[in-house]
Each structure stands twice: as C-alpha cells, then as structure tokens.
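Inside the fold
As a plain string of letters, each chain reads:
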Amino acid sequence: MRRSEPLDLRNLALTPDLHSYLLTQGRMTPDPLLEELIDRTCALVPDQAHMVVAPEEGALLTFLVRLLGARDIVEVGTFTGYSALCLARGLPAGGSITTCDVSAEWTALAREFWTRAGIADRIRLRLGPALETLRALPPEPHLDLAFIDADKPGYIGYWEELVPRLRPGGLLLVDNTLFSGQVIEDEPGEKAAAVHAFNEHARRDDRVQMVMLPIADGLTMARRLPPARLPAPPGPA
Ligand SMILES: C[S@@+](CC[C@H](N)C(=O)[O-])C[C@H]1O[C@@H](n2cnc3c(N)ncnc32)[C@H](O)[C@@H]1O
C-alpha cells in the first residue's frame, strides 16, 4: 500500500492515560463484578491473566450482540469467563451461548461469576477440544455470532467449522489478529506465524465480508454473505 506521512498521524498510540480516558468517556469501564473477576483471575493465574479480553473489547462484544439481536452464539476459548459474561449480557430472553474450553480449573471460576451475574442459565460450557465441540454442532447455518479466542494454531480449523454455520449476516469475531504486532516480524514465533497464516486464510475467503480493527490485540470481524446465487435456469425467451 502507498504510504503518505501526514496521514500516519491518524494512527493513534494509546498511552495508559488515554486508554483510561477512552474507557471513561466511552462508558466501557468494567463494572464491579467484572473488576472482581479480573482480580480473581490475576490471583488464580497471574502469568496467564493477560488472556482476558480488554475492557473495551468486552464492552464491544455486549454492544454487538445487542446490535445484531443475536440469540445463538458460540465462543471458542472460555478461560475464566469474562468474554462469555459480556456476550451473555447482550442476549435477549431465550438466547444462549455455547462456549468451549479444555480447562476445568479456569472455567470453574467462570461458572462462579456467571451465577453471580444471573446469566448462568444462558451459557452452555463444553469441556474438551473445541474442534470436536464445533463439529458436533448442527451443520446448517444457524449461528448469529461466534467469537474465536483460543489456541492460535487452531484458528483456521475453527474458522472452517464456524463460517458454514453462520446465518447470512451473522458475525464471526476473531481475537488477537495483530498478535502484539508480531504478525509482521520477519521471523515470527510459532503463535504469531499461526495468526498470520490465519489472517491470510481469512483474507482470501469470499464467503464473508470483513474488516480488521486495531482494538486491543487486533480484532477481525467477518460478516457471512448469502451463498452465491446460482444463474437463473433457462426459461422461455
Ligand atoms: C485467550 S484465552 C480465552 C480468554 C477469554 N475469551 C476471556 O476473555 O477471558 C484462551 C482459552 O482457550 C483455551 N483453549 C486452548 N486450546 C483449546 C482447545 N484446543 N480447545 C478448547 N479450548 C482451548 C484455553 O484453555 C484458554 O482458556
């Protein structure tokens, strides 16, 4: 892409103070329950707590669920339940989320907070490899929204299971697609290389319309297009 220096000014680097301003002015500051979930996650797994989605991303998830009127959601990567809680808060009565993880320990904390938030009845937790859980879902297009936020080498497989299950207009969100900026390194690590391979895969998929946002660690949003129309059968001239 051609670069023009004056236009680079539009790309903002967020300082901690500006990030704090963004959360306040955008009304995206986590409420006390979400704050407590972050604290408990930091206490349980200090070296993994960064895996929780950023507060502005959590707020965006709730917003998008409401915007779409989503009722049927799948999440890949539950961890301690923050993003599932944000998704569930956007659901109308009768809506539900299936969320996948392999850790009974981390998701036990999730269950505790879903119960306290009063949304546990909207969330179905499936413990086991996510690819197996996704393959067991009904094959027809029925999902309103899906969110991928798990092991990076699995992303292409999750995408391939989820795209055909999205209803036309349904939304597929994929987290960490800038991977701390490592996706453009000459010799990226294994995870960054997997994310880059996924990005290339998604970029070439004409079943979806997509945008990629520099929010948090990078968020790809893909909207399922209606299946290509077949040419009209030949009729009377
Ligand atoms: C980045 S964390 C998810 C964070 C979560 N969305 C949140 O906001 O708190 C990734 C999760 O994916 C799970 N995971 C890793 N490999 C998996 C697999 N093959 N199947 C299902 N879950 C997996 C991990 O156990 C971890 O909890």
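This write-up is about the structure you can find in this document. All of these numbers come straight from a predicted model, not from anything done at the bench. (Residues numbered from 1 in each chain as written. Predicted model: local features only at pLDDT ≥ 70, side-chain atom pairs only at ≥ 80, totals over all residues. Heavy atoms only, no water.)

Before going further, it helps to spend a moment on the pairing of strand β6 (residues 208-213). In terms of strand pairing, β6 meets strand β7 (residues 219-224) through six bridges, oriented antiparallel. Its bridge partner lying in β7, Gln209 is registered against Arg223. (Pairing = 2+ DSSP bridges. Helix = DSSP H or I, 4+ residues; strand = E, 2+ residues; numbered from the N terminus.)

What follows is about the site of the ligand. Gly77, Ser83, Asp101, Ala130 and Asp149 are the nearest of the 20 residues found near the ligand. Contact distances for the ligand include 3.4 Å between an oxygen atom and a backbone N or O atom of Phe79. Interatomic distance of 3.2 Å between a side-chain N/O atom of Asp151 and a nitrogen atom of the ligand. A total of 610 Å² of accessible area belongs to the ligand in isolation, and the protein chains cover 88% of it. Of the pockets mapped on this structure, the ligand occupies the largest pocket. Of all the secondary structure elements, the ones that give two or more residues to the shell around the ligand are α4 (82-90) and β2 (96-101). (Near = heavy atom within 4 Å. Polar contact = N/O pair within 3.5 Å; in protein donor to acceptor, adjacent residues only side chain to side chain. Areas by Shrake-Rupley, 256 points an atom, 1.4 Å probe, with all protein chains shown as cover. 1 Å grid on protein atoms, 1.4 Å probe; cavity = no way out; pocket = protein on both sides within 12 Å on 5 of 7 lines; lining within 4 Å. Sits in = over half its atoms within 2 Å of the grid points.)

On to the packing of aromatic side chains, then. All chains considered together, the criterion is met by three aromatic pairs. Ring centres of Phe79 and Trp106 lie 5.0 Å apart, and the angle between their planes is 90°; on these two criteria the pair is classed as edge-to-face. Of this pair, Phe79 sits in the loop between β1 (72-76) and α4 while Trp106 sits in helix α5 (residues 104-117), and the two are 27 residues apart along the sequence. Its relative accessible area of 7% is what places Phe79 among the buried residues. Seen from their ring centres, Trp159 and Phe198 are 5.4 Å apart, and the 75° between their planes marks the pair as edge-to-face. A residue pair is termed long-range when its members are at least 10 positions apart, and Trp159 in helix α7 (residues 155-162) and Phe198 in helix α8 (residues 190-203) qualify at 39 residues. (Phe/Tyr/Trp six-rings, centres within 6.5 Å; stacked < 30°, edge-to-face > 60°. Buried < 20%, exposed > 50% of the residue type's maximum accessible area, 1.4 Å probe, protein only.)

Time to look at the nonpolar core. Ranked by size, the top nonpolar core spans 34 residues in total, and within it Ile73, Leu85, Leu87, Trp114, Leu145 and Leu173 carry the most contacts. Looking at this core, the elements with two or more residues in it are α2 (32-44), α3 (55-68), α4, α5, β3 (123-127), β4 (143-148), β5 (166-175) and β7. At six residues, the largest contribution of residues to this core is made by α4. Apart from the residues within four sequence positions on either side, Trp114 is in contact with Thr78, Gly81, Ala84, Leu85, Thr99, Ile119, Ala120, Ile123 and Leu125. Formed by 22 residues, the second largest nonpolar core is a distinct cluster that contains Ala130, Ala146, Leu162 and Leu172. (Core = buried A, V, L, I, M, F, W, Y, C linked by side-chain atoms within 4.5 Å. Contact = heavy atoms within 4.5 Å.)

These figures capture arrangement, not role.
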